[in-house]
Amino acid sequence: MNATPKRVEHQLTDKGYVPVYTTAVVEQPWADYSATDHEVWATLFERQQRVLVGRASDEFLACQRAMQMTPDRIPKFDELNQVLRKATGWELIGVEGLLPELDFFDHLANRRFPVTWWIRKPEQLDYLAEPDLFHDLFGHVPLLMNPVFADYMAAYGRGGVKAHGIGQDALVNLTRLYWYTVEFGLIKQADGLRIYGSGIVSSKGESIHCLESDAPNRIGFDLERVMRTRYRIDSYQKTYFVIDSYEQLMEATTPDFTPIYAKLAKQDSIPAGNVLDTDTVFNRGTGEGWLADGDV
Ligand code: HBI
Ligand code: FE
């Protein structure tokens, strides 16, 4: 198989020029996956399962069990959809990769999660610049089984469609919210901080770093604080935000964001590594290993 995804164009975004693929929804070409593709899935799955014990949130692990994904082969989207639709009305759709933002938001608003159909190559095991099947399926899909988080993701999509109509500043604010929750979020449990962000759970290094390194800040989630805070795309995050519960996340998205965007437009963005005296600080990072510039 090893067909590479069809690159249509490059879009200048806050992450620089990223390949933007066709917006087409594609059938998962499951029969065409090679033995290598299935081996890459198995290797990443088994490695992350070991790393996430005691690190991933209880809810993430419970949802993963409910989805019954296994390491022995790449799961079939239509099998997962039987389970997911029943649980929260969400479904997976196959895509070539990154979608233009409005398409992405529209899918989320309609409870469709776009999953890249191809999986990384063995030589990309530890890092690749764009979301592949492992990042999307292993990282993003399980928590869509949780009704509250599923509602948050749909509300986020609706917010994104609206923000697209308001303008670029609103989109940047909203992208930061996605980044610091859906991709790199931590949650407080009785037994300590745990991971729920997809960008972390699909990465071995960051799963360990985000909880155990002294370098990063760990700060209590606050909607406007997060929406003002710049982030990293080329290295581990300098700051991780901690929610108390998925309900807290859902409640944060209930107000109309329009007045919030207007207020934030008058305030400076906050560098990724800063700690404010108004922050609830779980850990003030040492900043070891941080790059001075490159905050997005
Ligand atoms: N497209 N397929 C896909 N997956 C994403 O996670 C994604 C995207 N397009 C845009 C995007 N994410 C981010 O810019 C969001 O913040 C909107
Ligand atoms: Fe992602």
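Here the structure is a predicted model, which is why all the values come from computation and not from measurement. (Residues numbered from 1 in each chain as written. Chains lettered and ligands numbered in written order. Predicted model: local features only at pLDDT ≥ 70, side-chain atom pairs only at ≥ 80, totals over all residues. Heavy atoms only, no water.)

Core analysis: the biggest nonpolar cluster contains 83 residues, and Trp41, Leu137 and Leu177 have the highest contact counts within it. For this core, the element with the highest residue contribution is helix H7 (residues 168-183), accounting for eight residues. With residues up to four places along the chain from it excluded, the contact list for Leu177 reads Tyr152, Tyr156, Val182, Phe221, Leu223, Val226, Met227 and Phe257. (Core = buried A, V, L, I, M, F, W, Y, C linked by side-chain atoms within 4.5 Å. Buried < 20%, exposed > 50% of the residue type's maximum accessible area, 1.4 Å probe, protein only. Helix = DSSP H or I, 4+ residues; strand = E, 2+ residues; numbered from the N terminus. Contact = heavy atoms within 4.5 Å.)

The environment of ligand 1 is made up of nine residues, and the closest members are Gly97, Leu98, Leu99, Glu101 and Phe104. A distance of 2.8 Å separates a nitrogen atom of ligand 1 from a polar backbone atom of Leu99. Separating an oxygen atom of ligand 1 from a side-chain N or O atom of Glu101 is a distance of 3.3 Å. In the complex, 93% of the free accessible area of ligand 1, which totals 390 Å², lies under the protein chains. Here the element with the most residues in the shell around ligand 1 is helix H4 (residues 101-109); it accounts for three residues. Looking at the shell around ligand 1 residue by residue, the class counts come to five nonpolar, two polar and two charged. (Near = heavy atom within 4 Å. Polar contact = N/O pair within 3.5 Å; in protein donor to acceptor, adjacent residues only side chain to side chain. Areas by Shrake-Rupley, 256 points an atom, 1.4 Å probe, with all protein chains shown as cover. Nonpolar A, V, L, I, M, F, W, Y, C, P; charged D, E, K, R; others polar.)

Time to look at the pattern of salt bridges. On inspection of all chains with the given rule, the structure shows 15 salt bridges. Where Arg55 meets Glu212, a salt bridge forms, and the shortest distance between an N and an O atom there is 2.7 Å. Here the residue Arg55 occupies a position in the loop between helix H1 (35-52) and helix H2 (58-67), and Glu212 occupies one in helix H9 (residues 204-212), the gap between them amounting to 157 residues. The class of Arg55 is buried, set by a relative accessible area of 18%. Of the residues examined, Glu212 reaches a relative accessible area of 46% and is grouped as partly exposed. Residue Arg111 pairs with Asp151 through a salt bridge whose shortest N-O separation is 2.7 Å. In this pair, Arg111 sits in the loop between H4 and strand E4 (112-116) while Asp151 sits in helix H6 (residues 147-166), placing the two residues 40 residues apart along the sequence. One salt-bridge network, held together by shared partners, links Arg232, Asp234, Lys238 and Asp295. (Salt bridge = Lys/Arg side-chain N within 4 Å of Asp/Glu carboxyl O.)

Taken in spatial order, the five strands make up an open sheet running E6-E5-E8-E7-E9, and their pairing is mixed. For this open sheet the edge positions go to strand E6 (192-195) and strand E9 (281-283), each flanked by a neighbour on one side alone. The sheet shows a mean angle of 35 degrees between the axes of neighbouring strands, taken without regard to direction. Pairing between strand E7 (residues 217-220) and E9: two bridges, direction antiparallel. (Pairing = 2+ DSSP bridges. Axes fitted to C-alpha atoms, helices over the stretch in contact; angles between N-to-C directions.)

Moving on, we come to the packing of aromatic side chains. Describing an aromatic ring pair means giving the distance of the ring centres and the angle of the ring planes. This model, assessed by the stated rule, comprises 19 aromatic pairs. Taking 6.5 Å as the distance between ring centres and 75 degrees as the angle between the ring planes, the aromatic pair formed by Phe104 and Phe113 counts as edge-to-face. When sorted by exposure, Phe104 lands in the same class as Phe113, which is buried. The interplanar angle of 90 degrees and the centroid separation of 5.6 Å between the aromatic rings of Tyr196 and Tyr246 together place this pair among those described as edge-to-face. (Phe/Tyr/Trp six-rings, centres within 6.5 Å; stacked < 30°, edge-to-face > 60°.)

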